[in-house]
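Here is how the chains run, residue by residue.
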Amino acid sequence: MGRARRARRIAATAAYGGGGLAAGIGALGALGYGVLKVEARIARRLVGQPFDGAPDDNGTYGAGFGEPVELIVLGDSSAAGMGADTPHQTVGAIIANGVSALTGRPVRLTNTAVVGSESSGLELQLANALDRVPRPHVAVIMIGANDVTHRIDKAIAVRHLETVVRSLRTLGTEVVVGTCPDLGTIEPIPQPLRLIGRRWSRDLAAAQTVAVVEAGGRTVSLGDLLGPEFYERPKEMFSADRFHPSPAGYARAAAALLPSVYAALGVWSGEGDDDRLPDSRRGEGVGPVAVAATYAVRDPGTEVSATQIAGQARGPRGRWAKLLRRPHDPVPDRQDDSPSPDGTPTGTGDVPPSGDAPSPDAPGESKATPGDPRPDQAPRHTIEAD
């Protein structure tokens, strides 16, 4: 079964309340499971001593005029910032400073992430955050690694995440989810555990993408946290415990998430409320959300969000999704953004493999438009409306 089909099945099972077996364990024989238990013990011995906790990054960042932009962060140790030396080195703090720099307004960060949390802990984290910030502008969620390492059923994990995303969207809060990282990059984990961890984490990331986009949020694939660097410079990108990212690693993760936070808030420079068309030169495109999720898993830093084709939010294979690769270095503006002679706008089409441009006759090509508002969502809580 391909990853796209697995992602659709997991998300569908989550939506209808299924699940119950530990993730993937049914596919392993008793002998295989025994090997994994032994290797897990080896990995725990090799991983350095855990930190006492993560720095407290709650507070106001930046300066400027107007009421603060309200940012909440939910998730596990990566969202909490375990491995960072100071509060300003966490993903939440870096994003807060970036949003303040672009908007000219202070940003109030409320971080209720919990070290060691699984997806099942997100509802309580959200409740704690909403006690302090009744209506956030944007939420950043980073979750999934502990669901994999604790062998939580993927459908159950995805259902908890989807519930939280839908709750936030009913408030009009924009949601950006950093999907499950690729656990195959963790050096102390031996084979075959590392290979299995990679497959489980990528399957979970793809299913998270399907569920989050269906719920009205957007995802950013963290994969290996944008690292060839993590492979080439593990001592720099991982912290002292050889498991959590270092400050440099968190900076790379924040760099992947920050453009999507800008776009969610409608302040992405020069792109008018995130309505630009996909650019085939970047390997971007439009297609079924499960297919987009599969490509995103293989390309860290890729954003997937809902869109429409010819005014329709859904196609034969589910919700239409837009796959964007937001570069750190800007790509020159295209010379001609007008539609082609057959009426197909440049840079749209079914999600292309390996950066190849889709053919003009690719099925489903049409003008991509921003994700449709869901009837159960409140009006978008924009910072311009404050």
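The rules behind the values
- Residues numbered from 1 in each chain as written.
- Predicted model: local features only at pLDDT ≥ 70, side-chain atom pairs only at ≥ 80, totals over all residues.
- Heavy atoms only, no water.
- Helix = DSSP H or I, 4+ residues; strand = E, 2+ residues; numbered from the N terminus.
- Buried < 20%, exposed > 50% of the residue type's maximum accessible area, 1.4 Å probe, protein only.
- Contact = heavy atoms within 4.5 Å.
- Areas by Shrake-Rupley, 256 points an atom, 1.4 Å probe, with all protein chains shown as cover.
- 1 Å grid on protein atoms, 1.4 Å probe; cavity = no way out; pocket = protein on both sides within 12 Å on 5 of 7 lines; lining within 4 Å.
- Points joined across faces, edges and corners; volume = space filled by probe spheres on them.
- Nonpolar A, V, L, I, M, F, W, Y, C, P; charged D, E, K, R; others polar.
- Pairing = 2+ DSSP bridges.
- pLDDT = per-residue confidence, 0-100.
- Core = buried A, V, L, I, M, F, W, Y, C linked by side-chain atoms within 4.5 Å.
- Expected span 1.5 Å × (residues − 1).

So, about the overall build of the protein. Counting its secondary structure elements, the protein contains twelve helices and eleven strands. For the protein, the residues scored as buried account for 54% of the 386 residues in total. For the protein, the proportion of contacts with a sequence separation of at least 24, taken over those separated by at least 6, is 80%. For the protein, the accessible surface area stands at approximately 16,200 Å², while carbon and sulfur atoms represent 55% of it.

With that out of the way, let us pick up empty space enclosed by the protein. To find leftover empty space, a probe the size of one water molecule is rolled over the atoms. A complete count under the given rule lists one cavity of 30 Å³ or more for this structure. Approximately 40 Å³ is the volume found for the largest cavity. As for the largest cavity, its lining consists of C180, P181, D182, S201, R202, A205, S221, G223 and V297. Of the residues forming the lining of the largest cavity, the biggest block, three residues, is contributed by helix α8 (residues 193-214). Its residues assigned to classes, the lining of the largest cavity shows four nonpolar, three polar and two charged.

Now for the pairing of strand β2 (residues 69-75). Most of β2 sits inside the fold, with seven of its seven residues counted as buried. Neither face of β2 is left uncovered, since the one carrying V69, L71, V73 and G75 and the one carrying E70, I72 and L74 both have all their residues buried. Relative to strand β3 (residues 107-111), β2 runs parallel, the two sharing five bridges. Following the sheet pairing, E70 is matched in β3 by R108. As judged from the five bridges shared by β2 and strand β4 (residues 138-142), these two strands associate in the parallel manner. Within β4, the position partnered with G75 by the bridge is M142.

We now examine the environment of K322. Inspection of the secondary structure puts K322 in strand β10 (residues 318-325). Remark: the alpha-carbon pair of K322 and A293, spanning 29 residues in sequence, is separated by 9.9 Å.

Time to look at the confidence of the model for the protein. Confidence in the prediction for the protein averages 75 pLDDT; 60% of positions are at 70 or higher. Residue range residues 20-33 is modelled with pLDDT below 50. Its contacts to residues more than four positions away, or to other chains, number 19 contacts.

The nonpolar side chains of soluble globular proteins are, as a tendency, buried together. Membership of the largest hydrophobic core comes to 33 residues, with the highest contact counts inside it found for L71, V91, I95, V99, V140, L257 and V261. Secondary-structure elements contributing two or more residues to this core are β2, α3 (77-80), α4 (91-103), β3, β4 and α11 (247-265). Element by element, the count of residues in this core is highest for α11, at ten residues. Grouped together as the second largest cluster of nonpolar side chains are 26 residues, V148, C180, L183 and A292 included.

Our next topic: α4. A turn of α-helix holds 3.6 residues, and therefore any two residues three or four places apart point the same way. For α4, which comprises 13 residues, the first-to-last C-alpha distance of 18 Å matches the rise-based estimate of 18 Å (1.5 Å per residue) to within 8%. For α4, the full list of buried residues reads V91, G92, A93, I95, A96, G98, V99 and S100. Positive phi shows up at G104, right after α4, with a value of about 70°.

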